[in-house]
Amino acid sequence: MQRRDILGVYIDNCDQEDAGMLLSRFLDETPPALHQVCTVNPAFVMAARRNPVFKSTLNRASLCTPDGVGILLAGRLLPPPSLCPSAGVGTATRQRPLH
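Residues numbered from 1 in each chain as written. Predicted model: local features only at pLDDT ≥ 70, side-chain atom pairs only at ≥ 80, totals over all residues. Heavy atoms only, no water.

## Some thoughts on the nonpolar core
With 12 residues, the main nonpolar core is built from I6, V9, I11, C38, V40, V45, A48, L58, A61, C64, I71 and A74. At the level of elements, β2 (9-12), β3 (37-40), α2 (42-50) and α4 (69-77) are the ones that each hand at least two residues to this core. Among residues more than four places away in sequence, those in contact with C64 are R3, Y10, I11, D12, C38, V40 and L58. Formed by six residues, the second largest nonpolar core is a distinct cluster that contains A19, L22, F26 and L63. (Core = buried A, V, L, I, M, F, W, Y, C linked by side-chain atoms within 4.5 Å. Buried < 20%, exposed > 50% of the residue type's maximum accessible area, 1.4 Å probe, protein only. Helix = DSSP H or I, 4+ residues; strand = E, 2+ residues; numbered from the N terminus. Contact = heavy atoms within 4.5 Å.)

## Considering the packing of aromatic side chains
Summed over all chains, the structure comprises one aromatic pair. For the ring pair F44 and F54, a centre distance of 5.4 Å and an interplane angle of 75° mean the geometry is edge-to-face. Placement of the pair is F44 in helix α2 and F54 in helix α3 (residues 52-60), with a sequence separation of 10 residues. (Phe/Tyr/Trp six-rings, centres within 6.5 Å; stacked < 30°, edge-to-face > 60°.)

## Some thoughts on unusual backbone geometry
Look at the link from T30 to P31: it is a cis peptide, with omega at -5°. Following the sequence through the fold, P31 ends up in the loop between α1 (16-28) and β3. One non-glycine residue, L7, lies in positive phi territory at about 55°. Positionally, L7 belongs in the loop between β1 (3-6) and β2. Classification of L7 by relative accessible area gives partly exposed; the value is 47%.

## Concerning the environment of Q16
Within the secondary structure, Q16 sits in helix α1. Accessibility expressed as a relative area gives 23% for Q16, which makes it partly exposed. For Q16 and T65, which are 49 residues apart along the polypeptide, the C-alpha to C-alpha distance reads 8.7 Å.

Given below as structure tokens:
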């Protein structure tokens, strides 16, 4: 999966299906590992520009999905071409229930 740099924040170029498959792999890991998953929206990107700790946290996450029309528009305007939509709620609700 390719990561895109949007104003210094790395966002994974994945759609909901790609994100869902990666989340399933995270859940199936043996031994289990901790993963941080972020749904990056324009507010996150702007906050990361002012807060280097937040920016570092986002950039170290296991998965950063593009969330919001502003992020998708930035992905289309900045080279290389576009980001796929992968809103957090849609990705999370497609996953299997945790037991």
